[in-house]
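Take a look at the letters that make up each chain.
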Amino acid sequence: MMTRLSTRRLMSGAATLSIAALALTACAGTGGATTSEAADTGSAEKIVFWSNHPGSSKDIEEEIIAEWNEENPDTPVELVDAGANYEEVAQKFNAALAGGDLPDVVVASDVNWFNFALNDNFAEMGPLWESQDVESDDLVDTLRDDYEFNDEHWAMPYARSTNLMYVNDQIFEEAGLPAEGFETWQDFAEAAPALKEVTGDDPVLVIPDGSNYLDWYFQGMIWTFGGAYSEDWTATFTQPESIEAGEFLQEMVQEGYIEISNDAVNTFGVGSAGALLESTGSLGGLKETAAMDFTTAYLPGPTPGAATGGAGLAIPSGISEERQANAVRFIDFLTNTDNTVKFSQATGYMPVRKSALEHPDEVAFLEENPNAMTAIEQLNENTQPQDAARVLVQGGGARIGGALDEITTGGADVTEVFTRLEEETQEIIDRDIKPKLDQQ
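Residues numbered from 1 in each chain as written. Predicted model: local features only at pLDDT ≥ 70, side-chain atom pairs only at ≥ 80, totals over all residues. Heavy atoms only, no water.

- The name that an unreviewed UniProt entry assigns to the protein chain is ABC transporter substrate-binding protein, with the source organism given as Citricoccus parietis.

Next up, the structure:
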């Protein structure tokens with residue numbers, strides 16, 4: 001398996017980079033606005049929290065905020081619906097950087113936090129953690145360090161996930177298969193005909209489409225074939241292993257074993273699919289609404305077969321020091337041991353505190369809900385940081401997702417589509433990123 005570019009590897013390879021020198025436009029939904037263009041018009045007497053309520057979490061967010069407001073009446077939190085998804089939140093924040101009112105806390109996803117850090121739009125967390133006595137060492141190392149760049153952290157983990165395979169117990173039982181997922185994608189292909197005998201016109205496996213992060217789910221699949229979206233700053237969509245992975249996905253769709261859907265969770269939840277690829281953040285909702293019993297499983301290997309994802313919480317660099325201090329105290333409260341236990345149990349996201357796994361409520365919950373343990377175990381056994389072409393290159397996720405829609409629902413030639421995708425990706429890298437790296 002070839003090496004991947006994480007933000008920590010980027011730092012080790014370019015330790016002298018300054019964020020100011022790397023003010024580039026990157027990642028979908030963001031632009032080149034700088035914090036100097038946005039005046040701090042907010043008040044230190046309240047904390048404005050912009051969220052898209054990941055994993056349908058608005059109710060639990062409001063519950064935790066109510067507890068904060070009761071304990072901190074001088075700095076109440078105002079929860080703002082900042083968008084229907086991560087991209088809309090990023091767009092709203094980018095607009096605020098150009099002259100609007102900045103929030104105190106903003107949800108920052110895996111594909112847009114990095115660009116805002118590069119443009120110095122987010123405050124450094126380290127000094128805030130120190131000044132406000134935040135126990136950052138209690139944050140799960142992998143999740144905390146996903147936001148590390150230039151020896152600093154730029155967000156705190158919040159709604160963090162891996163992708164999982166959700167298995168319809170009844171369908172697998174009728175097919176004579178254990179409800180435990182698959183060791184490899186080749187194992188899936190071998191079992192698919194037996195499952196298809198049970199599902200009939202319904203899909204064996206349903207996966208969200210390109211507008212719903214198919215590029216995130218395929219990230220793990222392409223790794224298991226020995227391919228990658230990129231290696232360091234070189235796009236690798238046309239290497240033979242990457243093409244093979246794309247052709248496998250296309251073949252499974254054409255054979256009727258995989259369905260690419262814009263409503264994948266509902267398709268699975270009503271019992272119309274043998275299995276589903278989805279975020280851990282969908283676990284809470286499916287637990288409440290699914291019409292059948294299901295089991296969660298790792299994504300197929302060989303390891304690694306899944307990517308981390310989800311979102312953290314960031315603080316704008318353009319607000320006052322007093323507002324930043326209030327903001328980090330609130331984030332610390334929102335993600336403390338008790339509240340990350342509440343949040344993870346309500347949504348399915350992973351607890352972001354190490355101490356959470358020793359909390360009596362969490363111990364009891366995991367014993368009663370083994371499906372929730374899958375993501376926690378997979379984090380250390382079957383994941384790795386995502387490739388730069390998706391998370392560090394301008395519009396990477398959307399571009400890859402669109403290409404995958406072309407080869408699946410559109411039936412386009414994989415080599416032709418991946419060749420164009422590689423050329424477009426490399427052009428952006430060479431034009432917008434490499435020149436700045438070469439200047440150092």
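Focus: helix α18 (residues 396–407)
Link 1 in the chain: Taking 1.5 Å of rise per residue, the 12 residues of α18 would be expected to cover 16 Å, and the 17 Å separating its terminal C-alpha atoms lies within 8% of that figure.
Link 2 in the chain: Within α18, the full set of buried residues consists of Gly396, Gly397, Arg399, Ile400, Gly401, Ala403, Leu404 and Ile407. (Helix = DSSP H or I, 4+ residues; strand = E, 2+ residues; numbered from the N terminus. Expected span 1.5 Å × (residues − 1). Buried < 20%, exposed > 50% of the residue type's maximum accessible area, 1.4 Å probe, protein only.)

Regarding the packing of aromatic side chains
Link 1 in the chain: Tallied over the full model, the rule gives 24 aromatic pairs.
Link 2 in the chain: With centroids separated by 6.2 Å and ring planes inclined at 75°, the aromatic side chains of phenylalanine 268 and phenylalanine 294 adopt a geometry described as edge-to-face. Of this pair, phenylalanine 268 sits in helix α11 (residues 264–269) while phenylalanine 294 sits in strand β12 (residues 294–297), and the two are 26 residues apart along the sequence.
Link 3 in the chain: Judged by relative accessible area, which is 0%, phenylalanine 268 ranks as buried.
Link 4 in the chain: The class of phenylalanine 294 is buried, set by a relative accessible area of 11%.
Link 5 in the chain: The structure contains a cluster of three or more aromatic residues connected by ring pairs, namely Phe49, Trp68, Tyr158, Phe330, Phe333, Phe343 and Tyr349. (Phe/Tyr/Trp six-rings, centres within 6.5 Å; stacked < 30°, edge-to-face > 60°.)

Comments concerning the packing of helix α2 (residues 58–71) against helix α13 (residues 321–334)
Link 1 in the chain: Orientation of α2 relative to α13, taken along the N-to-C sense of each, is 130°, at an axis distance of 10 Å. Considered as vectors, α2 and α13 are oriented oblique to each other. Relative to α13, α2 is oriented so that their crossing is right-handed. Touching Ile64, Ile65, Glu67, Trp68 and Glu71 of α2 are Arg329, Phe330, Phe333 and Leu334, all from α13.
Link 2 in the chain: Looking at the contact of α2 with α13, its residues break down into six nonpolar, no polar and three charged. (Axes fitted to C-alpha atoms, helices over the stretch in contact; angles between N-to-C directions. Parallel < 35°, antiparallel > 145°, perpendicular 65-115°, else oblique. Left-handed = near helix turned anticlockwise from the far one by under 90°. Contact = heavy atoms within 4.5 Å. Nonpolar A, V, L, I, M, F, W, Y, C, P; charged D, E, K, R; others polar.)

With respect to the pairing of strand β11 (residues 275–279)
Link 1 in the chain: Burial analysis of β11 places five of its five residues in the buried class, the great majority of the element.
Link 2 in the chain: Where strand β6 (residues 156–168) meets β11, five bridges bridge the pair, whose relative direction is antiparallel. Residue pairing across strands places valine 167 opposite alanine 275, the latter belonging to β11.
Link 3 in the chain: Here strand β7 (residues 205–208) runs beside β11; their pairing, made up of two bridges, is parallel. Bridge pairing in β11 places leucine 205 opposite alanine 275. (Pairing = 2+ DSSP bridges.)

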